[in-house]
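Residue-level listing of the chains:
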Amino acid sequence: MKTEQVGDGILETWTVDEVAEAFDRNEIVLIDVRTPQEFMFEHVEGALLMPLAFFKAEKLPGQSDKRIVFHCGSGVRSERVARAALDAGFGRVAHMEGGFGAWKGAKKPYIGTNMATGAPHLVS
């Protein structure tokens, strides 16, 4: 994990493996900031959707029970959202390096779309 001091807060950049391990242990809430269309086509099973276009840091839950980790397609939008959360007063925020592309590249399981039927299915 890489950390960066941003004002009074800390921005953490987690690797795919760190996110997957913490998610499997139910230690984090994974929030996908891609578009609804991207999410519907393929997403990490159990991740929540809060698109960048509609992001409101003040609507996020506190992190007393579980940490929040943002992700997008490549890591650019999730870093922008994480920085916005820090600007809104969050003390420590994380995002996943490389985004969903890195997740798929690391062969982590996700929900994809069967192109023949349009139905969602687990890709592992």
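Now for the packing of aromatic side chains. A complete count under the given rule lists two aromatic pairs for this structure. Between Phe-55 and Phe-70, the aromatic rings sit 5.9 Å apart at their centres with planes inclined by 85°, giving edge-to-face as the arrangement. Pair noted here: Phe-55 is in the loop between strand E4 (48-49) and strand E5 (67-71) and Phe-70 is in strand E5, with a separation of 15 residues, a long-range link. Per residue, the accessibility class of Phe-55 equals that of Phe-70, and both read buried. Geometrically, the ring pair formed by Phe-100 and Tyr-110 is edge-to-face, given 5.3 Å between the ring centres and 85° between the ring planes. Taken together, the residues span a long stretch of sequence, with Phe-100 in helix H4 (residues 99-105) and Tyr-110 in strand E7 (residues 110-113) at a distance of 10 residues. There is no split in this pair, since Phe-100 and Tyr-110 are both buried.

If you trace the six strands from one edge of the open sheet to the other, you get E1-E2-E6-E5-E3-E4, paired in mixed fashion. Each edge of the sheet is formed by a strand with only one pairing partner; in this case those strands are strand E1 (2-6) and E4. For strand E3 (residues 28-32) and E5, the ladder comprises five bridges, and the chain directions are parallel. Each bridged residue has a counterpart across the sheet, and for Val-29 the counterpart in E5 is Ile-68. With respect to the sheet, helix H3 (residues 76-87) is in contact with E1, strand E2 (9-14), E5 and strand E6 (92-96), its orientation differing from that of E6 by roughly 175°.

This next bit is on the pattern of salt bridges. For the structure shown, the criterion picks out 10 salt bridges. One salt bridge in this structure joins Glu-97 and Lys-2, with 2.7 Å as the shortest N-O distance. Of this pair, Glu-97 sits in the loop between E6 and H4 while Lys-2 sits in strand E1, and the two are 95 residues apart along the sequence. Of the charged contacts in the structure, one is a salt bridge between Glu-79 and Arg-83, with a shortest N-O distance of 2.9 Å. Here Arg-83 and Glu-79 lie together in helix H3, a separation of four residues that amounts to about one turn. For Glu-79, a relative accessible area of 28% gives the class partly exposed. One salt-bridge network, in which partners are shared between bridges, spans Glu-4, Glu-79 and Arg-83.

Core analysis: the largest hydrophobic core is formed by 17 residues, its most contacted members being Ile-31, Val-33, Phe-55, Leu-60, Phe-70, Ala-85 and Val-93. Among all residues touching Phe-55, those that are not within four sequence positions of it are Met-50, Leu-60, Phe-70, Val-81, Ala-84 and Ala-85. Counting 16 residues, the second-largest nonpolar core is a separate cluster that includes Val-19, Ala-20, Ile-28 and Met-96.

Reading the values: the criteria
Every chain is numbered independently, its residues counted from 1 as its sequence is written. Reporting in this predicted model follows two pLDDT cut-offs: at least 70 for local features of residues, and 80 or more for side-chain atom pairs to be given and counted; totals over whole chains, interfaces and linings ignore these cut-offs and use all residues. Computation of side-chain values covers all heavy atoms of the structure but excludes hydrogens and water. Centres within 6.5 Å make a pair out of two Phe, Tyr or Trp rings, where for Trp the six-membered ring is used; the pair is then stacked when the planes are under 30 degrees apart, edge-to-face when over 60, and tilted otherwise. Helix and strand assignments follow DSSP, with helices taken as H or I runs no shorter than four residues and strands as E runs no shorter than two, numbered in order from the N terminus. Working definition: with a 1.4 Å probe on protein chains only, accessible area under 20% of the residue-type maximum means buried, over 50% means exposed, and in between means partly exposed. The pairing criterion for strands is at least two bridges between them, as found by DSSP. Every residue pair with non-hydrogen atoms within 4.5 Å of one another is taken to be in contact. The axes used here are C-alpha line fits, helices contributing only the stretch in contact, and every angle between their N-to-C directions lies in the interval 0 to 180 degrees. The salt bridge criterion pairs a side-chain nitrogen of Lys or Arg with a carboxyl oxygen of Asp or Glu, the two atoms within 4 Å. Only buried Ala, Val, Leu, Ile, Met, Phe, Trp, Tyr and Cys residues count toward a nonpolar core, and they belong to the same one when joined by side-chain atoms within 4.5 Å.

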